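# Descriptive structure summary
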Amino acid sequence: IAGITQAPTSQILAAGRRMTLRCTQDMRHNAMYWYRQDLGLGLRLIHYSNTAGTTGKGEVPDGYSVSRANTDDFPLTLASAVPSQTSVYFCASSDSGEDLYGYTFGSGTRLTVV
Amino acid sequence: LAKTTQPISMDSYEGQEVNITCSHNNIATNDYITWYQQFPSQGPRFIIQGYKTKVTNEVASLFIPADRKSSTLSLPRVSLSDTAVYYCLVGDGRVVWAAGNNRKLIWGLGTSLAVNP
């Protein structure tokens, strides 16, 4: 089934540790995004990539980094996790950055930093 | 920035038609209106998108008046499985992330729809 695969599904992480959230899509979409969703704050964009080889900062990029070595993969790295990064993280993609057909989201990674 | 306003929550019963209205007074000429559905522990799912007048698909209808300052998502004959959060978004994704461009899609908190037996 075409879509986005995120891993892990959930994780408990000690503060100060490094972690990479994985995201892979098989739809050959050019644009990919990382969002975090927090109760009362909704979905907020962390980083985006309009095409392989390029990335950009969203609304809340501090403490996170991304890379886009190829079309399919868009990992999100927390260099040194802090409790405020406890959240549900969603990876999404869209075709050519166009919104004409909307975003496709993964099922999310629930991260708890303790 | 194209901000949207929608009710925080709504209640309905199985078999009823549900209409969720979204206000977007400062919508721009190039903006499209898109609705998403999100179930607990899942990512949002695209439902429908439109620019003006009426759009219908197998899931819902989207009504957009001539001034485009609001839109209404219509869910016909809802069932318990339609209980979810519904988000209204306004934006032109083609220019959202261009260098130096400050436009962005604002998700908001959505409308939590509860369908009762």
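Below: a short report on this structure. (Residues numbered from 1 in each chain as written. Chains lettered and ligands numbered in written order. Predicted model: local features only at pLDDT ≥ 70, side-chain atom pairs only at ≥ 80, totals over all residues. Heavy atoms only, no water.)

Attention shifts here to the nonpolar core. With 20 residues, the main nonpolar core has B:Ile33, B:Trp35, B:Leu73, B:Leu75 and B:Tyr86 as its most contacted residues. Breaking this core down by element, the ones donating at least two residues are strand E2 (18–23), strand E3 (32–38), strand E4 (45–50), strand E6 (61–64), strand E7 (70–75), strand E8 (84–91) and strand E9 (111–116) of chain B. For this core, the leading source of residues is E8(B), giving four residues. Membership of the second largest hydrophobic core comes to 18 residues, among which are A:Ile4, A:Trp34, A:Ile46 and A:Leu76. (Core = buried A, V, L, I, M, F, W, Y, C linked by side-chain atoms within 4.5 Å. Buried < 20%, exposed > 50% of the residue type's maximum accessible area, 1.4 Å probe, protein only. Helix = DSSP H or I, 4+ residues; strand = E, 2+ residues; numbered from the N terminus.)

All right, on to the sheet that holds E2(B) then. Residues and elements named next belong to chain B. The strand order across the open sheet built from four strands is E2-E7-E6-E5, with neighbouring strands paired in antiparallel fashion. Edge strands, defined here as strands with exactly one partner in the open sheet, are E2 and strand E5 (53–56). Direction aside, neighbouring strands of the sheet carry axes that sit 15° apart on average. (Pairing = 2+ DSSP bridges. Axes fitted to C-alpha atoms, helices over the stretch in contact; angles between N-to-C directions.)

So, on to the packing of aromatic side chains. Considering all chains together, one arrives at eight aromatic pairs over all chains under this definition. Each ring, one from B:Tyr36 and one from B:Phe46, has its centre 6.0 Å from the other, and the planes form 80°; the classification is edge-to-face. With B:Tyr36 in strand E3 and B:Phe46 in strand E4, this residue pair connects regions lying 10 residues apart in the sequence. B:Tyr36 gets classed as buried once you look at its relative accessible area, which sits at 1%. Looking at B:Phe46, the relative accessible area reads 26%, which means it is partly exposed. Here the aromatic residues A:Tyr33, A:Tyr35, A:Phe90, A:Tyr103, A:Phe105, B:Tyr36 and B:Phe46 are joined through ring pairs into a cluster of three or more. Lying over the aromatic face of A:Phe74, A:Arg68 brings its terminal NZ or CZ to 6.0 Å of the ring centre. Looking at B:Arg68, its charged tip hangs above the ring of B:Tyr51, at a distance of 3.9 Å from the centre. (Phe/Tyr/Trp six-rings, centres within 6.5 Å; stacked < 30°, edge-to-face > 60°. Lys NZ or Arg CZ within 6 Å of the ring centre and 35° of its normal.)

On to the environment of A:Ser80, then. Residues and elements named next belong to chain A. Tracing the chain through its elements places Ser 80 in the loop between strand E8 (76–78) and strand E9 (87–94). In this structure, the C-alpha to C-alpha distance between Ser 80 and Ala 15, residues 65 residues apart in sequence, is 7.0 Å. Once you skip the residues sitting within four places of it in the chain, Ser 80 turns out to touch Gly 16, Arg 17 and Gln 85. (Contact = heavy atoms within 4.5 Å.)

Considered as a void within the structure, the largest pocket measures approximately 740 Å³ in volume. Of all the elements in the fold, those that place two or more residues in the lining of the largest pocket are strand E4 (31–38), E9 and strand E11 (109–113) of chain A together with E8 and E9 of chain B. Of the residues belonging to the lining of the largest pocket, the class tally is 12 nonpolar, 18 polar and two charged. Estimated volume of the second largest pocket: approximately 320 Å³. (1 Å grid on protein atoms, 1.4 Å probe; cavity = no way out; pocket = protein on both sides within 12 Å on 5 of 7 lines; lining within 4 Å. Points joined across faces, edges and corners; volume = space filled by probe spheres on them. Nonpolar A, V, L, I, M, F, W, Y, C, P; charged D, E, K, R; others polar.)

As enumerated under the stated definition, the model contains two disulfides over all chains in all. The disulfide bridge from A:Cys23 ends at A:Cys91, spanning 1.9 Å between sulfur atoms. In this structure the cystine formed by A:Cys23 and A:Cys91 twists about its S-S bond by roughly -70°; its chirality is therefore left-handed. Taken together, the positions of A:Cys23 in strand E3 (residues 19–25) and A:Cys91 in strand E9 put the pair 68 residues apart, joining distant regions of the chain. Across the pair, A:Cys91 and A:Cys23 agree in class, each one buried. Two residues share a disulfide in this structure: B:Cys22 and B:Cys88, whose sulfurs sit 2.2 Å from each other. Across the S-S bond of B:Cys22 and B:Cys88 the torsion is about -80°, and the bridge reads as left-handed. Here B:Cys22 is found in strand E2, whereas its partner B:Cys88 is found in strand E8, with 66 residues between them in sequence. One exposure class covers both B:Cys22 and B:Cys88, and it is buried. (Disulfide = S-S within 2.5 Å.)

Residues and elements named next belong to chain B. Spatial ordering of the open sheet is given by E1-E9-E8-E3-E4, a layout of five strands whose pairing is mixed. Of all strands in the sheet, those with a lone pairing partner are strand E1 (9–13) and E4, marking the two edges. For this sheet the average axis-to-axis angle between neighbouring strands, irrespective of direction, equals 25°. Bridge count for E3 against E4 is five bridges, and the pairing is antiparallel. Across the sheet, the residue bridging to Gln 37 is Arg 45, located in E4.

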